Amino acid sequence: MAYQNPESVAAGAPPWHLPQPQPRSRPSGIQGFVWAVWPWMNWILPTFFVLHGFLGVGGWATLLLLFASPVFIPAAGLLGALPRFLLRKRGHTTAPAPIVGLLFVNWWGWVALTLTMQDAGDSGPLMSLLRSMLTVPLSVDYEQGLYVVAIGVAITAWLAVLVIAIVLPRATAAPGARGAPGAGAARPPPPPPPGPRPPPRP
């Protein structure tokens, strides 16, 4: 934004009435929190999925995930960021209410499938992270079922978030907020002061 030359103001030109800068609104509440941590979760969860085998006894699946990580982690991170990118293009600065719960479900799916993923080595099947952390015995069939359910829940929740981000209308900015229509328009200059009155005629 251009400002008037101070010399022209000193010479008698009326100053421009520039709009006051509006403070940038910071998202708050659960929707603002989810919007802020969303980009981080897009990369933390796939990285944890790839490297979780090193927290226990890693097997062949851990080795394969490590070799595929240069492709898998960026692909998963970009796919997770796609709905947020679409929402930002439509003017959203917080996570819409229908998406908040779906994101938590998607993140739970990532964590659940990572903890229940079974690996195998040269000596046979290896315990998952979930069974290694529990002090009570866990059925293998129950763990495998939970693993399949977690994969389906994570994919379904992400697809639902993507569909909502596509069909959700553009966000309307509040009057006077930064970026709102008319917020940055310059005010018209005031009328010039009246000149000196002519002396009365005799």
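Relevant structure appears above.
Residues numbered from 1 in each chain as written. Predicted model: local features only at pLDDT ≥ 70, side-chain atom pairs only at ≥ 80, totals over all residues. Heavy atoms only, no water.

Each helix and strand counted, the protein has six helices and two strands in total. Helices and strands appear in the protein in the N-to-C order α-α-α-α-β-β-α-α. Looking at the protein as a whole, 30% of its 202 residues qualify as buried. Sequence-distant contacts in the protein: of pairs separated by 6 or more residues, those separated by 24 or more amount to 75%. Accessible surface, the protein as shown: approximately 13800 Å² in total, 69% of it carbon and sulfur. (Helix = DSSP H or I, 4+ residues; strand = E, 2+ residues; numbered from the N terminus. Buried < 20%, exposed > 50% of the residue type's maximum accessible area, 1.4 Å probe, protein only. Contact = heavy atoms within 4.5 Å. Areas by Shrake-Rupley, 256 points an atom, 1.4 Å probe, with all protein chains shown as cover.)

Moving on, we get to the packing of aromatic side chains. Here a ring pair, both rings aromatic, is described through the centre-centre distance and the interplanar angle of the planes. For the structure shown, the criterion picks out five aromatic pairs. Between the aromatic rings of Phe-104 and Trp-107, the centroid separation amounts to 5.5 Å while the plane-to-plane angle is 75°, which identifies the pairing as edge-to-face. Highlighted residues: Phe-104 and Trp-107, both in helix α4 (residues 97-116), separated by three residues, approximately one helical turn. Taken together, the ring pairs in this structure connect Phe-49, Phe-72 and Trp-110 into an aromatic cluster. Here Arg-84 stacks its cationic end above the ring of Trp-35, 4.2 Å away from the centre of that ring. (Phe/Tyr/Trp six-rings, centres within 6.5 Å; stacked < 30°, edge-to-face > 60°. Lys NZ or Arg CZ within 6 Å of the ring centre and 35° of its normal.)

Let us look at the nonpolar core. Val-34, Trp-38, Phe-49, Leu-87, Ile-99, Leu-103 and Trp-107 are the most contacted members of the largest nonpolar core, which has 29 residues in total. Taken together, the elements giving at least two residues each to this core come down to α2 (29-51), α3 (60-89), α4 and α6 (140-167). (Core = buried A, V, L, I, M, F, W, Y, C linked by side-chain atoms within 4.5 Å.)

Glancing now at the packing of α2 against α3. Running from N to C, α2 and α3 cross one another at 160°; their axes reach a closest spacing of 9 Å. In terms of orientation, α2 lies roughly antiparallel with respect to α3. Like other packed secondary-structure pairs, α2 and α3 cross with a definite hand, here right-handed. (Axes fitted to C-alpha atoms, helices over the stretch in contact; angles between N-to-C directions. Parallel < 35°, antiparallel > 145°, perpendicular 65-115°, else oblique. Left-handed = near helix turned anticlockwise from the far one by under 90°.)

Quick look at a nonpolar patch on the surface now. On the surface, Leu-51, Phe-54, Trp-60, Leu-63, Leu-66 and Phe-67 cluster together to form a nonpolar patch covering roughly 640 Å² of accessible area. Here the nonpolar patch gets four residues from one element, more than from any other, and that element is α3. Position of Leu-63 among the secondary structure elements: in helix α3. Classification of Leu-63 by relative accessible area gives partly exposed; the value is 37%. (Patch = residues over 30% accessible without salt bridge, like charges linked within 9 Å, V, L, I, M, F, W, Y side chains within 5 Å. Salt bridge = Lys/Arg side-chain N within 4 Å of Asp/Glu carboxyl O.)

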